[in-house]
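# Overview (structure and organization)
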Amino acid sequence: MKICVMPGDGIGPEIMAQAIKVLEVIGEKYGHKFETTEALIGGAAIDATGVPLPDATVKACKESDAVLLGAVGGPKWDTIDPAVRPEKGLLGIRKALGLFANLRPAALFPQLKDACFLRPDIVAKGIDVMVVRELTGGIYFGEPRGTKVENGERMGFNTMVYYEHEVKRIAKVAFEAARKRKKRLCSVDKANVLDVSRVWREIVIEVSKDYPDVELSHMYVDNAAMQLVRDPSQFDVIVTGNLFGDILSDEAAVITGSIGMLPSASLGESNPGLYEPIHGSAPDIAGQDKANPLATILSIAMMLRYSFDMAAEADCIEAAVEKTLSEGLRTGDIMDEGGKLVGCTEMGAAVIRNMQ
């Protein structure tokens with residue numbers, strides 16, 4: 001199985017190193033051969049080639065069975081031309097691979113309940129939400145877009161656009177995900193204000209006719225943001241557009257204790273899936289062995305489950321992560337009273353030990 005590895009920027013190389021070690025152990029334990037190829041993306045690619053997504057990287061990804069990404073971006077590239085910012089590499093590879101669906105599970109590990117920012121009575125209900133975010137449409141890609149000077153003052157503009165086929169395919173992914181869970185889907189939009197959201201809602205309702213076993217509800221994005229904090233247990237699967245999904249998935253993640261804990265999968269119809277932690281490049285702690293590698297390690301589990309149909313192997317990794325947390329090991333972002341503070345390398349080693 002060929003895997004293209006893109007460590008990226010900031011803490012990316014550190015967390016990716018631990019994840020690859022976990023993958024190697026899985027290969028040895030279950031008799032699999034994983035062939036990895038490293039490629040440049042983001043700021044690292046800009047420094048080396050002048051662009052955030054070199055053609056060689058796109059080629060390497062397309063020739064692989066799955067893609068692993070660390071993180072992109074950092075203050076070093078904040079002042080360069082917006083057209084070649086590191087984040088363009090991430091958006092570009094999603095587009096190049098046709099990865100239109102982002103699956104972001106936000107589940108609270110019982111061992112981290114004290115790290116959750118919500119009240120204990122809310123936490124006691126449990127948090128297990130899957131956010132399905134549309135990735136390749138919406139305001140991030142809509143045209144026209146740009147900046148200009150009008151009547152003597154600067155202005156910027158972007159366009160939120162969704163075509164019927166884009167909404168249909170992401171809705172189908174979300175309904176299928178709901179079928180495998182608690183069979184409840186909440187579609188989030190802003191249909192009381194935005195024309196594009198009214199079209200979104202109409203199409204999701206049409207698709208729901210093919211899934212009579214799934215309960216469909218609708219919620220405006222501002223209310224959804226509030227409800228995620230007030231009572232996240234009311235949600236099972238949430239489906240929404242690119243911009244709203246970007247915000248809500250991070251909110252859902254942080255209430256579980258740390259965005260350093262959660263993986264994600266970006267999937268298309270036939271191209272290799274891309275797996276990455278949802279946190280950023282954290283340049284303030286890069287190179288200090290302080291990063292939390294667990295989200296990247298759990299992204300390996302998602303890759304095994306979704307791209308290679310290796311449920312037992314994925315379960316092994318997830319169980320090892322939970323056992324490691326039960327032992328009280330904590331990186332700084334999830335540190336709680338009574339926990340043992342460890343670095344990125346030690347956390348990775350502990351997970352491997354618990355996989356044996």
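Here the structure is shown first, and the text comes after it.
Keep in mind the model is a prediction, meaning the values are calculated, not measured. (Residues numbered from 1 in each chain as written. Predicted model: local features only at pLDDT ≥ 70, side-chain atom pairs only at ≥ 80, totals over all residues. Heavy atoms only, no water.)

Here strand S8 (residues 184-189) runs beside strand S9 (residues 215-220); their pairing, made up of six bridges, is parallel. When the sheet's bridge partners are listed, Cys186 is paired in S9 with Ser217. Traced from S8 through helix H7 (residues 195-208) to S9, the parallel crossover comes out right-handed. (Pairing = 2+ DSSP bridges. Helix = DSSP H or I, 4+ residues; strand = E, 2+ residues; numbered from the N terminus. Right-handed = clockwise from strand over helix to strand, strands pointing away.)

Read from one edge of the open sheet, ten strands run S2-S1-S3-S12-S11-S4-S5-S10-S8-S9, paired in mixed fashion. Taken across any chain shown, the strands that pair with only one partner, and hence form the sheet edges, are strand S2 (35-38) and S9. Averaged over all adjacent pairs, the angle separating strand axes in this sheet is 25°, with direction ignored. Taken together, the four bridges between strand S5 (residues 128-134) and strand S10 (residues 237-240) define a ladder with parallel strand orientation. When the bridges of S10 are listed, Val132 appears paired with Val239. This element, helix H6 (residues 164-179), spans strand S4 (101-107), S5, S8, S9 and S10 of the sheet and lies at about 165° to S5. On the sheet, H7 packs against S5, S8, S9 and S10 and is oriented at approximately 170° with respect to S9. (Axes fitted to C-alpha atoms, helices over the stretch in contact; angles between N-to-C directions. Contact = heavy atoms within 4.5 Å.)

The next subject is the packing of aromatic side chains. Scanning all chains against the criterion turns up three aromatic pairs. Ring centres of Tyr162 and Trp200 lie 5.2 Å apart, and the angle between their planes is 65°; this geometry places the pair in the edge-to-face category. Here the residue Tyr162 occupies a position in the loop between strand S7 (153-157) and H6, and Trp200 occupies one in helix H7, the gap between them amounting to 38 residues. Of the two residues, Tyr162 and Trp200, both sit in the buried class. The ring of Phe141 carries Lys95 above its face, with NZ or CZ at 4.6 Å from the centroid. (Phe/Tyr/Trp six-rings, centres within 6.5 Å; stacked < 30°, edge-to-face > 60°. Buried < 20%, exposed > 50% of the residue type's maximum accessible area, 1.4 Å probe, protein only. Lys NZ or Arg CZ within 6 Å of the ring centre and 35° of its normal.)

Enumeration according to the criterion identifies 22 salt bridges in this entry. The closest approach of N and O atoms between Arg181 and Asp128, which form a salt bridge, is 3.4 Å. Within this pair, whereas Arg181 is found in the loop between H6 and S8, its partner Asp128 is found in strand S5, the two being separated by 53 residues in sequence. One salt bridge in this structure joins Lys168 and Glu164, with 3.2 Å as the shortest N-O distance. On the criterion of helical spacing, the pair formed by Lys168 and Glu164 is a turn pair, its members being four residues apart in helix H6. Relative accessible area serves as the criterion here: at 42%, Glu164 is assigned to the partly exposed category. Each member of the salt-bridge network shares a partner with another, and the members are Asp78, Arg85 and Glu87. (Salt bridge = Lys/Arg side-chain N within 4 Å of Asp/Glu carboxyl O.)

The next thing to look at is the environment of Leu108. Among the structural elements, Leu108 can be located in the loop between S4 and helix H5 (120-123). On the basis of relative accessible area, Leu108 is assigned to the buried category, the value being 14%. It is 9.2 Å that separates the C-alpha atoms of Leu108 and Met261, two residues lying 153 residues apart in sequence. Apart from the residues lying within four places of it in its own chain, the contact partners of Leu108 are Lys113, Cys116, Val123, Ile127 and Thr256.

Running from N to C, helix H1 (residues 12-30) and helix H11 (residues 311-326) cross one another at 130°; their axes reach a closest spacing of 11 Å. Between H1 and H11, the angle falls in the class oblique. Both H1 and H11 take part in a crossing whose hand is right-handed. In this structure, H1 contributes Val22, Ile26, Lys29 and Tyr30 to the contact, and H11 contributes Ala312, Glu313, Cys316 and Ile317. For the contact of H1 with H11, the per-class residue count stands at six nonpolar, no polar and two charged. (Parallel < 35°, antiparallel > 145°, perpendicular 65-115°, else oblique. Left-handed = near helix turned anticlockwise from the far one by under 90°. Nonpolar A, V, L, I, M, F, W, Y, C, P; charged D, E, K, R; others polar.)

In the sheet, strand S6 (residues 146-150) pairs with S7 via five bridges, with the strands oriented antiparallel. By the bridge assignment for S7, Glu150 is matched with Glu153. Connecting S6 to the next strand, S7, in antiparallel fashion are two residues, including Asn151 with a positive phi near 55°.

The next subject is empty space enclosed by the protein. If a probe as big as a water molecule is rolled over the atoms, it shows which places are left empty. What the rule picks out here adds up to two cavities of 30 Å³ or more. By volume, the largest cavity amounts to about 100 Å³. Lining of the largest cavity is provided by 14 residues; of these, Met160, Tyr162, Ser197, Gly241 and Phe244 occupy positions nearest its centre. Looking at the lining of the largest cavity, the elements with two or more residues in it are S8, H7 and helix H9 (242-254). Its residues placed into classes, the lining of the largest cavity shows eight nonpolar, five polar and one charged. The calculated volume of the second largest cavity comes to roughly 30 Å³. If you trace the second largest cavity, you find it lined by Arg104, Pro105, Ala106, Val131, Ser249, Ala252, Ala253, Leu262 and Ile278. Listing elements by their share of the lining of the second largest cavity, those giving two or more residues are S4 and H9. Broken down by class, the residue content of the lining of the second largest cavity amounts to seven nonpolar, one polar and one charged. (1 Å grid on protein atoms, 1.4 Å probe; cavity = no way out; pocket = protein on both sides within 12 Å on 5 of 7 lines; lining within 4 Å. Points joined across faces, edges and corners; volume = space filled by probe spheres on them.)

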